[in-house]
Amino acid sequence: MLKRAMCFTGGGAVLTALSLVFVMAATAIGQVPLNPLTLTKYLDPLPVPGVMPQTAANYYEIGMYQITQQLHSQLPPTTVWGYGTSAATASFPAATIEATRGVPIQVLWTNNLPMTHLLDAALDRTLHWANPTGPGIPVVAHLHGGENEPQSDGHPDAWFTQGFAETGPGWQQQVYNYYNNQDPTTLWYHDHALGMTRLNVYAGLAGFYLLRDAAIEGPMNLPGAAYEIPMVIQDRMFNTDGSLAYPTVGVNPQHPQWQPEFFGNTILVNGVVWPYLNVEPRKYR
């Protein structure tokens, strides 16, 4: 086995691999921003997300939970949000939904998060956001790239708070239908609540959704099993206590917490900071 240091470049609103070291605009009282140079790179092995278990045939019950997770062996455990079938199974990133082309599935998404946001100091209510009238954190799951019926799209106004106590104007149903009629592809599911997507996804609400078709993938002779490695690449910043850091002072007086752009100074792959992967000299998918 050859030990390769993992180095990535890329872009995107959420799954960006650009790392810039910069001074945080502000941080919560009592928290000290972590110098990323104090973390040893390529110290921890790359984890591979497991498969999300079904509750019944082609039916899932997936909740959103607050959990703690070790993101680097030199960091204290970090409080994050994750999807799972229970608080004990939730993870960041979430387990992968393995779907088959032409086989519909249903998912009941539930909100089991605390009543206060993990990144509350960065939550800017002056933005066009979900704006519930009562307490609770608005969330809604969206299958990014999925060809779905509107009522199962998870669009920003279809949010709901804990226990479906309050729902957005676009909310229609608790159980989502995914018909899986599109070509096989790599998709991902993530939170999509209006005005809060940046914070809810930063907190950890994301996971893979792999749509497969053996009749197509088989003849292509694509690498599989141990040679198929899904990788979600994200940027983050931390405080010295292991907690997630995020700017809390905006650049626009009209929006006191919001910043139009953010780049973290550490890179995470599958929820681990600068991991390594032992690989063979062969093709991987």
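Before going into details, it helps to say that this report is about the structure given with it. (Residues numbered from 1 in each chain as written. Predicted model: local features only at pLDDT ≥ 70, side-chain atom pairs only at ≥ 80, totals over all residues. Heavy atoms only, no water.)

### Considerations on the overall build of the protein chain
Defined as follows: Secondary structure elements are defined from DSSP: runs of H or I of at least 4 residues count as helices, runs of E of at least 2 residues count as strands, and each element is numbered from the N terminus. Throughout this description, buried means an accessible area under 20% of the type-specific maximum (1.4 Å probe, protein chains only), exposed means over 50%, and partly exposed covers the range between. By definition in these notes, contact holds between two residues if any of their heavy atoms fall within 4.5 Å. In this description, accessible areas are obtained by the Shrake-Rupley approach with a 1.4 Å probe, and a residue is regarded as covered only by the protein chains that are shown.
Tallying secondary structure elements over the protein chain gives two helices and 14 strands in all. A buried classification covers 49% of the 285 residues belonging to the protein chain. For the protein chain, the share of sequence-separated contacts (at least 6 apart) that also reach a separation of at least 24 residues comes to 74%. Carbon together with sulfur atoms contributes 56% to the accessible area of the protein chain, which is approximately 13,100 Å² in total.

### As for the pattern of salt bridges
To keep it simple, the criterion reads: Basic side-chain nitrogens of Lys or Arg form a salt bridge, by our definition, when they fall within 4 Å of a carboxyl oxygen of Asp or Glu.
Taken as a whole and assessed by the stated rule, the structure comprises eight salt bridges. With a shortest N-O distance of 2.5 Å, Arg212 and Glu228 are connected by a salt bridge. Taken together, the residues Arg212 in strand S9 (residues 206-212) and Glu228 in the loop between helix H2 (214-220) and strand S10 (233-238) connect sequence positions 16 residues apart. Relative accessible area serves as the criterion here: at 18%, Glu228 is assigned to the buried category. Overlapping salt bridges bring together Glu98, Arg212, Glu217, Glu228 and Arg285 as one network.

### Remarks on unusual backbone geometry
Put simply, Phe92 and Pro93 share a cis peptide bond, and its omega is -10°. The residue Pro93 is located in the loop between strand S3 (78-84) and strand S4 (94-100) in this model. Phi is positive for Tyr42, which is not a glycine, with a value near 60°. Following the sequence through the fold, Tyr42 ends up in the loop between strand S1 (2-5) and strand S2 (59-69).

### Brief notes about the sheet that holds strand S7 (residues 175-178)
Quick reminder of the rule: Criterion used throughout: strands pair if DSSP finds at least two bridges between them. Interaxial angle, 0 to 180 degrees, is taken between N-to-C directions of lines fitted to C-alpha atoms, where a helix line uses only the stretch in contact.
In space, the four strands of this open sheet follow the order S3-S2-S5-S7, with mixed pairing throughout. With one partner strand each, in any of the chains shown, S3 and S7 form the two edges of the open sheet. Averaged over all pairs of adjacent strands, the angle between strand axes in this sheet comes to 25°, irrespective of strand direction. As defined by bridge partners, S2 adjoins S3 across seven bridges and the pair is classed as antiparallel. Its bridge partner being in S3, Gln69 is matched across the sheet by Thr78.

### Digging into the packing of aromatic side chains
Operational definition: Note on aromatic pairs: the rings of Phe, Tyr and Trp (six-membered ring only in Trp) are paired at centre separations within 6.5 Å, and the planes decide the class, stacked below 30 degrees, edge-to-face beyond 60, tilted for the rest.
In this structure the tally under the stated criterion is eleven aromatic pairs. With a centroid separation of 5.5 Å and an interplanar angle of 45°, the aromatic rings of Trp109 and Tyr189 are classed as tilted. Of this pair, Trp109 sits in strand S5 (residues 105-111) while Tyr189 sits in strand S8 (residues 185-191), placing them 80 residues apart in sequence. The same class applies to Trp109 and to Tyr189, which are both buried. Residues Tyr202 and Phe262 carry aromatic rings whose centres are separated by 5.5 Å and whose planes lie at 80° to one another, so their mutual orientation is edge-to-face. Pair noted here: Tyr202 is in helix H1 (residues 197-202) and Phe262 is in the loop between strand S11 (244-245) and strand S12 (266-269), with a separation of 60 residues, a long-range link.

### Some words on the sheet that holds S9
A sheet is described by the order of its strands in space; here four strands give the open sequence S4-S9-S8-S6, paired in mixed fashion. Two strands bound the open sheet, and with one partner strand each, they are S4 and strand S6 (141-144). Adjacent strand axes in the sheet meet at a mean angle of 25° when their direction is disregarded. Where S8 meets S9, six bridges bridge the pair, whose relative direction is antiparallel. Each bridged residue has a counterpart across the sheet, and for His190 the counterpart in S9 is Ala206.

### Some thoughts on the side chain of Asp44
The test is simple: Under the rule applied, a polar contact is a pair of N or O atoms within 3.5 Å (in protein, one hydrogen donor and one hydrogen acceptor; residues adjacent in sequence only if both atoms are side-chain atoms).
Secondary-structure assignment places Asp44 in the loop between S1 and S2. For Asp44, a relative accessible area of 13% gives the class buried. A distance of 2.9 Å separates a polar atom in the side chain of Asp44 from a polar atom in the side chain of Ser73. If sequence neighbours within four positions are ignored, Asp44 has contacts with His72, Ser73, Val272, Pro275 and Tyr276.

### Looking at the side chain of Asp191
The condition is simple: Positive charges come from Lys and Arg alone, negative charges from Asp and Glu alone, with His and the N- and C-terminal ends not counted.
Position of Asp191 relative to the elements: it lies in strand S8. Buried Asp191, no salt bridge; nearest opposite-charge side chain is Arg198, N-O distance 11 Å. Here Ala193 takes part through its backbone nitrogen, which lies 3.1 Å from a polar atom of the side chain of Asp191.

### Description of the pairing of S12
The two faces of S12 match: Thr266 and Leu268 on one face and Ile267 and Val269 on the other face are all buried. Inspection of the sheet shows S12 paired to strand S13 (residues 272-273) by two bridges, in the antiparallel sense. Across the sheet, Val269 pairs through a bridge with Val272, a residue of S13. Between the antiparallel neighbours S12 and S13 lie two residues, among them Asn270 with a positive phi of about 55°.

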